[in-house]
Amino acid sequence: MSSIPTPTATTTLEKQRRSLRQQMRRARRALTPAQQRSAAHNLLGQVRHRLWFLKARHVALYLPNDGEIDPSPLIQLCWKMKKRVYLPVLHPIRHNRLWFLPYTPSTRMCRNRFRILEPKLKYHPRRPGWAMDLVMLPLVAFDAAGNRMGMGGGFYDRTFSYKFAEKGIKGARLIGLAHDFQRVGELPVQPWDVPLFGIVTDRAAYLCQR
């Protein structure tokens, strides 16, 4: 019989997660523009020859914010390879969920409630997360087992919660992108945290074969 976490244990876990999130966000924001450019270039080198990247036709990425590793060189490569690129957009109705909209050099953009740029909804056809081939998403911290800590809003976890269903849709392959220093030995996780297929950083790829 599995034990139920006590309120005290839950509170301690949340304090650990909050502290780690603050620590990693400070470290990301402390990087210089030159360090960010170098990390982005190295990330491209880690991803560009992976089979799961080469085979994907519909690829979701993101525009960096708060010191996140910059996938802009990957976006440029996807366009060059004639892949369809998408960006996450806040769902206008469903709480803390995402849609994905096409992104090209001419896409009309606006800022969402977090002041993050996203494609304008009324100008583009939307695509659900399960219909993507590959989703490369940001994270705040991760471990080698494929566990990811995000910003705390739960947007990606709710969007891809179908992956917990035993006979559900297989859907998109999820790859986290991060600076290598965001890796920790063991990440405190919650039952609703959706695990990743792997994480790629500016120095290495940690694939979990999920």
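Placed above this text is the structure.
Here's what I pulled together on the structure shown here. (Residues numbered from 1 in each chain as written. Predicted model: local features only at pLDDT ≥ 70, side-chain atom pairs only at ≥ 80, totals over all residues. Heavy atoms only, no water.)

**Thoughts on the sheet that holds strand S1 (residues 58-60)**
As summarised here, the arrangement of the seven strands in space is S3-S2-S1-S6-S9-S10-S11, forming an open sheet in which the pairing is mixed. Of all strands in the sheet, those with a lone pairing partner are strand S3 (98-102) and strand S11 (205-207), marking the two edges. For this sheet, the mean inter-axis angle between neighbouring strands, taken without regard to orientation, is 25 degrees. Bridge count between strand S6 (residues 134-138) and strand S9 (residues 173-178): five bridges; the pairing is parallel. Bridge pairing in S9 places Leu137 opposite Gly176. Helix H2 (residues 33-47) contacts S6, S9, strand S10 (198-201) and S11 of the sheet and is inclined by roughly 135 degrees relative to S10. (Pairing = 2+ DSSP bridges. Helix = DSSP H or I, 4+ residues; strand = E, 2+ residues; numbered from the N terminus. Axes fitted to C-alpha atoms, helices over the stretch in contact; angles between N-to-C directions. Contact = heavy atoms within 4.5 Å.)

**What to know about the layout of surface pockets**
Its boundaries defined by the atoms lining it, the largest pocket holds a volume of some 810 Å³. If you trace the largest pocket, you find 36 residues lining it, with Arg148, Met151, Gly153, Phe155 and Tyr156 closest to the centre. Residue assignment for the lining of the largest pocket shows that the elements contributing at least two residues are helix H1 (7-29), strand S2 (84-90), strand S5 (117-119), strand S8 (148-149) and helix H5 (155-159). Of the residues forming the lining of the largest pocket, the biggest block, five residues, is contributed by H1. Residues belonging to the lining of the largest pocket are distributed by class as follows: 17 nonpolar, eight polar and eleven charged. (1 Å grid on protein atoms, 1.4 Å probe; cavity = no way out; pocket = protein on both sides within 12 Å on 5 of 7 lines; lining within 4 Å. Points joined across faces, edges and corners; volume = space filled by probe spheres on them. Nonpolar A, V, L, I, M, F, W, Y, C, P; charged D, E, K, R; others polar.)

Any functional reading would require information beyond the geometric quantities listed.
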